[in-house]
Amino acid sequence: MSKFEINRRGLIKSGAAIGAGLALPTIFTRNAYAYVNEPKGATVTLGFNVPQSGPYADEGADELRAFQLAVEHLNGEGDGGMIGTFSSKMLKGNGILGKKVAYVSGDTQTKSDAARASAKSMIEKDGAIMISGGSSSGVAVAVQGLCQEAGVIFMAGLTHSNDTTGKDKKANGFRHFFNAYMSAAALGPVLKSLYGTDRSAYHLTADYTWGWTQEASMIAATEALGWKTVNKVLTPLAATDFSSYIAPVLNSGADVLVLNHYGGNMVNSLTQAVQFGLRDKQVNGKNFEIVVPLYSELMAKGAGKNIAGIVGSQNWDWKLEDEGTKSFVKSFGEKYGFPPSQAAQTCYAQTLLYADAVERAGTFDPCGVVEALEGFEFDGLGNGKTLYRKEDHQCFKDVLVVRGAENPQDEFHLVDIVEVTPVAQVTYEPENEMFAGGNLGKCNSGA
Amino acid sequence: MLGLSKKDTTFLVVVIFLTLMTPILLQPFPEGSVLAQFNAGYPDLMQRFAIYGIFAIGFNILFGLTGYLSFGHAAFLGVGSYSVVWMYKLLGYNVVPGLLLAVVTAGLFALLIGYISLRRSGIYFSILTLAFAQMSFNLAYSVLTPLTNGETGLQVYTDDPQILMGAGSPNSPHFFGIVMNESAKIDVGGWQFTFNNGYYFCAIIAIIVFYLSLRIFRSPFGIMLRAIKTNQTRMTYTGLNPRPYTLAAFVISGMYAGLAGGLLASMDPLAGAERMQWTASGEVVLMTILGGAGTLMGPILGAGFIKYFENIFSKINDDILHTWFAALPDGLEDAIVFMVHPFIGKGWSLTLGLLFMMVVIFLPGGLIEGGNRIWRLVTGRSRNRNTPGKDAQHHPKPTAHVN
Amino acid sequence: MDALILQFLNGLDKGSAYALIALGLTLIFGTLGVVNFAHGAMFMIGAFCAVAMQSMLNISKVTLDPTKLDFLGNPAQIRTPMVESLFGPELGGSIINWSVPLSILLAIPVMLALGFIMERGLIKHFYKRPHADQILVTFGLAIVLQEIIKYFYGANPIPTPAPDAFRGSIDFGVLIGYAQNTIIYPAWRLVYFTFSAVIIAAVFAFLQFTTFGMVVRAGMADRETVGLLGINIDKRFTIMFGIAAAVAGMAGAMYAPINSPNYHMGMDFLVLSFVVVVVGGMGSLPGAVLAGFLLGVVESFASMNEVKSLIPGIDQIIIYLIAIIILLTRPRGLMGRKGVMEE
């Protein structure tokens, strides 16, 4: 084999050239910017990271619609939606701090890895100053952690696990959506009035973090009513056929089945439970009941008629009567032809809340935004009076208990609102054991 | 140099040059221009190119040389990531202990799985590896949550011990003080180039492991592996036991995967369970075949190709389309946007699927084959064996399958 | 004991789905030697035949009813399905109600056509190519097929209920002397089980008792010799591909009430169907059916609470564990033939 010979003169020459090349540039990001991605031009870029492939793609599409609507309204296009009803009057329809709002979108694929890759490209490539969106808690926690490290604000989309503002809370992350504890706290009294205090519950739970927190919250709430917990069974996330988990339920002495499932799991387990005829059975002299703690419009749609009469909870519903909801439903419905989902509402509200916080802080600096959002009380975004709590960056607001509609008047009318549970009833101490172990840390502006 | 033939040395130098110049080469369009959307020279994607390149190079040592198609390599990727994050949690943010552990644990894991799976060949082998990887994924997502943090992914918390962390240590992954997520940005004219520490860390490792794989391809060991692919029966008749060779190849490629997984966690301190799912195993298979199995550069090209589409195409939305075609008359603009719409944004996987089919239909032999065809067109002659066409040397001849 | 019987029944049902999918896959493996990663997508398209049937039957005449208002305050749209206006609300309603079984009529021609087009247009050119190329091209095709479905139907699962006649469940326990509600079994699952038994029997009878089947079986064993005898084996293989697609499609269409169809479901079944086929043994149709039922039943037993409390998480991995054990004890799966896909 012939060997490669290094020519000494050539080496010196090329070495000098490389050295000169390296000496030229001296501009470093950090010196030029006060905080990461400080907007210097006439526009400010927001990053909307939603699932566009995989099982939650439709939910992601609805979130993206809401984001686009929010951007329009912030820039003064369209009818302004909830800006008109928002209690804070800082938003004028001239962008944020006078800068026109631009946005980039990406695909989380509902995988924490892909979601972080997408968020990183928004931060590194597109200069996004805020990331929002997402449709699962795993993704929310992962992206929230990333935003904390990178020094941008994260306004969570649909995430329901206690951990997002509990064990995994971060100073740069904010959640408007409600959580598993709140679902259970709101459902408790309704379950008591509907089904009494002498009930035995059987839990089927998706075997991952969200499922566990939902199960723990539901057990705590129902046992406080005097219900017994007959059994709790974990089901694989990938399961599509739940027959072997549902079959033993009837013979277990339980008279209520709690499905701590979401998404495709929930659609299939509920459909199959109804197929097993559980709803027509009598156990312990009582009608057998099914409870789905977390409802979503899209999943209700997927389960079709099977949801009739089944109780669950929601963050928001388009049939609410307040002014904020009405104007949002109007502008969303007129643009897209159907009413928004709760995922859309939370994403829309989060975008407005962020924009408003920047206006009030007078800066895009994440630390200023954090300060403006912490302890912020507002109204008019569809959920009534709401507080962004300082201690854990969780929004506290009314929670809806809903029931699958028995005779839907049209295809959009999926659930009936049973009760609007007042905020006081779902509020908990920041030190609550289900949320313990986390630490917000300090806000990070990337500087 | 370095025990390589002159031709291979040139090849290696070209690879080194391309790797080091990536931040410039992937930024062909000036900032703010309409085409800037297609720039890929930002740290995260460049790191992914290098890391998945390493993954694919390693996979190719097994599949490209021996023909054993593993559908479970993602398990090693995941093990590597978890090792690194655990080292962050226990020791501190220096990546070195984690990466060493990642390679070792992935190697041991590969030894175990390989020892069992290699008792079978063909599709039976593929399914065995798939079964092991799927078991790892399912358990990591549920029962093993204390070890893996399940759905959320393993990450560092402020109350973790991190016993080697001093007061002045950087608070994110670093290599003896060189912080991975720090970059130098250089503006030249309208262009902006980002030189990221993490990317260069990955790039240097990628060059080293590329060199190693080059040596393996050229070594007697590599020839032995090719013999296994060509005709295992004949090899046995000559008195050679192929099993130790394939097992060695399996473990080596497992270690490459572990290293890649470790590097993923070195760039971004989080290890998600999805890294072990069969789709991730399938991805590296696709990368290798797409680029050209058995060629040295092919798998790296395949890795870059897939990651590029995943990260760049998924981010093009209708608004961006409208700005591109804004110059056209309104009706035409809408028509074009309507036509292009299904292939971008949320339709990125459709584009990728179509491209898979196109490549395999029109370029048997993968992207490398396409490169060779273009090269032949440019040089205007068909190359004979003795000229240094990359493929002619590295691609094992397709053999008639005996069955 | 009752719990065991219950899970055995569940397992049979699960197994019949697995067996049907694996049967189609084995037909393609065994006859054509092609690794078809688009098989899961064909199952998915079958399920969407049920969805399409349902929406076709629900094609409606829209009238505006000014007395009612929709959510925006505009006059509400009242939809009357064409079928109901054609056949009257009574008969029309029950036709819509039976859309899933009726969708078989749609699934068979659609899937046969899809199978023929796939084989003639694409797969044919890949017989002589390495398996790796086959994987890449069929995987690409699977992505394309599912993205097309997503484009038209979205990503959300679509409810496709079984006919009302099969709602609810049958109490088996009472029949064999147990108390009420101990062993119940949904009526539709019983239908599915019977349906798959019929399909499996039909495929076997077709291969066993017809000249066509004989030639195909001969071709599976030795393609070259059959070709030398002057028989156009290619044409028959095309037909086999169509049949395999149709079997997968029918399995999917009838499964729609159990598992609400979504565009992604093919990928969920893909891995599983490969495991079933390989456990059964490459190129063996009885093996595929046997493995399907075996894995279905074992999976059901593993999800019993008693078993799960003994070994946590066993239901997550049992299929793969069984696959490993079988492949290590029986080199070619349960009934595999020597030399198929072993190179």
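Residue indices follow the written sequence of each chain, beginning from 1 at its first position. Labels follow written order: the first chain is A, the first ligand is 1, and so on. Where totals are concerned, whole chains, interfaces and linings use all residues; where local detail is concerned, this predicted model gives features only for residues with pLDDT of at least 70, and gives and counts side-chain atom pairs only at 80 or more.

As annotated in an unreviewed UniProt entry, chain C carries the name Amino acid/amide ABC transporter membrane protein 1 (HAAT family) and comes from Hoeflea marina. UniProt positions are given in the numbering used here, feature names are shortened, and annotations may be inferred rather than shown by experiment. The UniProt entry for chain C carries the following comment under Sequence similarities (unreviewed entry): "Belongs to the binding-protein-dependent transport system permease family. LivHM subfamily."

As named in an unreviewed UniProt entry, chain A is Amino acid/amide ABC transporter substrate-binding protein (HAAT family), taken from Hoeflea marina. Per UniProt, the comment on chain A under Sequence similarities (unreviewed entry) is "Belongs to the leucine-binding protein family."

Colleague: Is there a simple way to explain the overall build of chain C in this structure?
Modeller: Within chain C one finds 14 helices and 4 strands. Taken against the 2.2 N^0.38 rule, which gives 20 Å for 343 residues, the C-alpha radius of gyration of chain C at 22 Å falls within 12% of a compact globule. Taking the principal axes of the C-alpha coordinates as reference, chain C spans close to 75 × 50 × 35 Å. Three exposure classes are used, based on other C-beta atoms lying within 10 Å of a residue's own C-beta, which is placed from the backbone: buried for 20 or more, exposed for 12 or fewer, and partly exposed in between. Taking all 343 residues of chain C together, 55% fall into the buried category. The long-range share in chain C, meaning contacts at least 24 apart out of those at least 6 apart in sequence, stands at 74%. Secondary structure follows DSSP: runs of H or I at least 4 residues long count as helices, runs of E at least 2 residues long count as strands, and numbering of each begins at the N terminus. Only C-alpha atoms enter the radius of gyration, while the globule expectation follows 2.2 Å times N to the 0.38, with N the number of residues. A residue pair is marked as a contact if its C-beta atoms, positioned from the backbone, fall within 7 Å.

Colleague: Can you walk me through the overall build of chain A in this structure?
Modeller: Counting its regular elements, chain A contains 14 helices and 17 strands. Relative to its length of 447 residues, chain A is compact, with a C-alpha radius of gyration of 25 Å against a globular reference of 22 Å. Each of the three principal axes of chain A carries a C-alpha extent, and together these read 95 × 70 × 40 Å. Burial status across chain A gives 63% buried among its 447 residues. Contacts spanning at least 24 positions in sequence make up 72% of the contacts within chain A whose residues lie at least 6 apart.

Colleague: Explain the domain arrangement of chain A to me, please; I cannot follow it from the model alone.
Modeller: How big an interface is tends to be reported as the loss of accessible area on association of its parts. Residue and element names in this part refer to chain A. Segmentation of chain A into domains returns domain 1 (43-178 + 318-392) and domain 2 (181-314). Where each domain begins and ends is defined by an automated method or by a domain database. Put simply, the middle of domain 1 and the middle of domain 2, counted by C-alpha atoms, are 30 Å apart. In this complex, domain 1 contributes 14 residues to the contact, which on the side of domain 2 involves 14 residues. Of all the secondary structure elements, the ones that give two or more residues to the side of domain 1 that touches domain 2 are α3 (57-74), α5 (137-150) and α12 (342-361). Under the convention adopted here, Pro, Cys and the residues Ala, Val, Leu, Ile, Met, Phe, Trp and Tyr are nonpolar, Asp, Glu, Lys and Arg are charged, and Gly plus all remaining residues are polar. Residues belonging to the side of domain 1 that touches domain 2 are distributed by class as follows: 4 nonpolar, 7 polar and 3 charged.

Colleague: In this structure, what is going on with the UniProt feature "transmembrane region" (unreviewed entry) in chain C? I would like to understand it.
Modeller: Residue and element names in this part refer to chain C. Under the UniProt annotation, the feature "transmembrane region" (unreviewed entry) is placed at residues 16-35, 42-60, 95-114, 190-216, 237-258, 270-298 and 310-328. Each end of residues 16-35 is marked by a C-alpha atom, and these two atoms are 22 Å apart; helix forms 85% of the span and strand 0%. Secondary structure content for residues 42-60 is 84% helix and 5% strand, and the end C-alpha separation is 29 Å.

Colleague: Can you walk me through the interface of chain B and chain C in this structure?
Modeller: Each side of the interface is counted separately: chain B has 40 residues, and chain C has 35 residues. For the side of chain B that touches chain C, the leading source of residues is helix α5 (residues 122-141) of chain B, giving 11 residues. Counted by class, the side of chain B that touches chain C contains 28 nonpolar, 10 polar and 2 charged residues.

Colleague: Explanation requested: the interface of chain B and chain A in the structure shown.
Modeller: The interface of chain B with chain A comprises 37 residues on the first partner and 40 residues on the second. Elements with a minimum of two residues in the side of chain B that touches chain A: α1 (6-25), α2 (43-66), α5, β4 (183-188) and α15 (348-362) of chain B. Tallied by class, residues from the side of chain B that touches chain A come to 9 nonpolar, 17 polar and 11 charged.

Colleague: Got a minute to help me understand the sheet that holds strand β11 (residues 289-294) of chain A in this structure?
Modeller: Two orientations exist for strands paired in a sheet by backbone hydrogen bonds: parallel and antiparallel. All names here are of chain A. Here, any two strands with at least 2 DSSP bridges between them count as paired. Overall, mixed pairing links the 7 strands, which are arranged β7-β6-β8-β11-β12-β16-β17 in an open sheet. Each of the sheet's edge strands pairs with one partner strand only, and the pair in question is β7 (228-235) and β17 (415-421). Averaged over all neighbouring strand pairs, the angle between strand axes comes to 25°, with direction disregarded. Here 5 bridges tie strand β6 (residues 200-206) to strand β8 (residues 256-260), and the two strands are oriented parallel to one another. What sits directly across from Leu204, in β8, is Leu259. Only the stretch in contact is used when a helix axis is fitted, and all axes are lines through C-alpha atoms; the angle between N-to-C directions ranges over 0 to 180 degrees.

Colleague: Help me understand helix α7 (residues 197-218) of chain B in this model?
Modeller: Given 3.6 residues per turn, any residue in an α-helix points the same way as the ones three and four places further on. An expected span of 1.5 Å times one less than the residue number is assigned to each helix. End to end, α7(B) covers 32 Å across 22 residues, agreeing with the expected 32 Å (1.5 Å per residue, within 8%). Along α7(B), the positions that sit buried rather than exposed are Gly198(B), Tyr199(B), Tyr200(B), Phe201(B), Cys202(B), Ala203(B), Ala206(B), Phe210(B), Ser213(B), Leu214(B) and Phe217(B).

Colleague: So what exactly am I meant to see when it comes to the confidence of the model for chain C here?
Modeller: Any region with low pLDDT has predicted coordinates that should not be read closely. Every residue is assigned a pLDDT by the predictor, reflecting its confidence on a scale from 0 to 100. Looking at chain C, pLDDT values average 88 and 99% of them are 70 or higher. Both scores are available for the predicted complex, with the pTM at 0.90 and the ipTM at 0.89.

Colleague: What's the story with helix α16 (residues 367-379) of chain B in this structure? I'm lost.
Modeller: Residues and elements named next belong to chain B. Between the first and last C-alpha of α16 there are 18 Å, a value that for 13 residues agrees with the 18 Å anticipated at 1.5 Å per step. Considered for burial, the residues of α16 that qualify are Leu367, Ile368 and Asn372. End-on view of α16: buried residues confined to an arc of 145°, all on one side of the axis. For α16, the exposed residues lying more than 90 degrees away from the buried face are Ile374 and Leu377. Directly beyond the C-terminal end of α16, a positive phi value near 75° is found at Gly380. Relevant arc is that of directions from the helix axis to the C-beta atoms, nothing else.

Colleague: Please clarify how the pairing of strand β1 (residues 43-50) of chain A should be interpreted in this entry.
Modeller: The two faces of a sheet get side chains in turn, since along a regular strand they alternate between them. Residues and elements named next belong to chain A. Among the 8 residues in β1, 6 count as buried, and that is most of the element. Crossover handedness is defined by viewing with both strands directed away from the observer: a clockwise path from the first strand over the helix to the second marks the crossover as right-handed. Between the parallel pair β1 and strand β2 (residues 100-107), the chain is carried across by α3, and the sense of this crossover is right-handed. Pairing between β1 and strand β3 (residues 130-133): 3 bridges, direction parallel. For Phe48, the partnering residue across the bridge sits in β3 and is Ser132.

Colleague: Can you help me understand the UniProt feature "domain: Leucine-binding protein" (unreviewed entry) in chain A in this one?
Modeller: UniProt's entry tags residues 43-403 of chain A with the feature "domain: Leucine-binding protein" (unreviewed entry), counted in the numbering of this structure. Between the C-alpha atoms that bound residues 43-403 of chain A the distance is 44 Å, and the span itself is 40% helix and 20% strand.

Colleague: Mind showing me how you'd approach unusual backbone geometry here?
Modeller: Trans peptide bonds make up most of the peptide bonds, and negative phi angles are found at most residues other than glycine. All names here are of chain A. Positive phi is not limited to glycine here, since Gln109 has a value of about 55°. Relative to the helices and strands, Gln109 is located in the loop between β2 and α4 (112-124). A positive phi angle, near 50°, is found at Asn284, a position not held by glycine. Note that Asn284 resides in the loop between β9 (282-283) and β10 (286-287).

Colleague: Any chance you could explain the pairing of β11(A) here in plain terms?
Modeller: Residues and elements named next belong to chain A. Among the 6 residues of β11, 6 are classified as buried, and the element is accordingly described as predominantly covered. Sheet analysis places β8 next to β11, joined by 3 bridges and oriented parallel. Within the sheet, the bridge partner assigned to Val256 lies in β11 and is Glu289. In this fold, the crossover linking β11 to strand β12 (residues 311-314) by way of helix α10 (residues 297-303) has right-handed handedness.

Colleague: I would appreciate a short explanation of the sheet that holds strand β13 (residues 377-378) of chain A in the present structure.
Modeller: All names here are of chain A. A sheet is described by the order of its strands in space; here 3 strands give the open sequence β13-β14-β15, paired in antiparallel fashion. A single partner strand is all that each edge strand has here, and the edge strands are β13 and β15 (395-396). Sheet analysis places β13 next to strand β14 (residues 386-388), joined by 2 bridges and oriented antiparallel. Considered in β14, the bridge of Phe378 is made with Thr386.

Colleague: What exactly am I supposed to notice about the environment of Asp8(B) here?
Modeller: Residue and element names in this part refer to chain B. Along the chain, the position of Asp8 falls in helix α1. A residue is classified by how many C-beta atoms lie within 10 Å of it, and Asp8, with 22 of them, is buried. Asp8 sits 71 residues away from Val79 along the chain, and the two C-alpha atoms are 33 Å apart. Those residues in contact with Asp8 that sit more than four places away from it in its chain are Leu214 and Arg218.

Colleague: Please explain the confidence of the model for chain A as it appears in this structure.
Modeller: The share of residues in chain A with pLDDT of 70 or more is 93%, and the mean pLDDT across the chain is 89. Contacts of residues 1-6 of chain A to residues separated by more than four positions or lying in other chains number 8 contacts, the stretch itself having pLDDT below 50.

Colleague: Any chance you could explain the environment of Phe55(B) here in plain terms?
Modeller: Residue and element names in this part refer to chain B. Structurally, Phe55 can be placed in helix α2. Look at Phe55 and you get buried, because 32 C-beta atoms sit within 10 Å. Sequence spacing of Phe55 and Ile300 is 245 residues, and the spatial spacing of their C-alpha atoms is 8.7 Å. Other than its neighbours up to four places away in sequence, Phe55 contacts Leu77, Tyr256, Ala257, Ala260, Val284 and Ala303.

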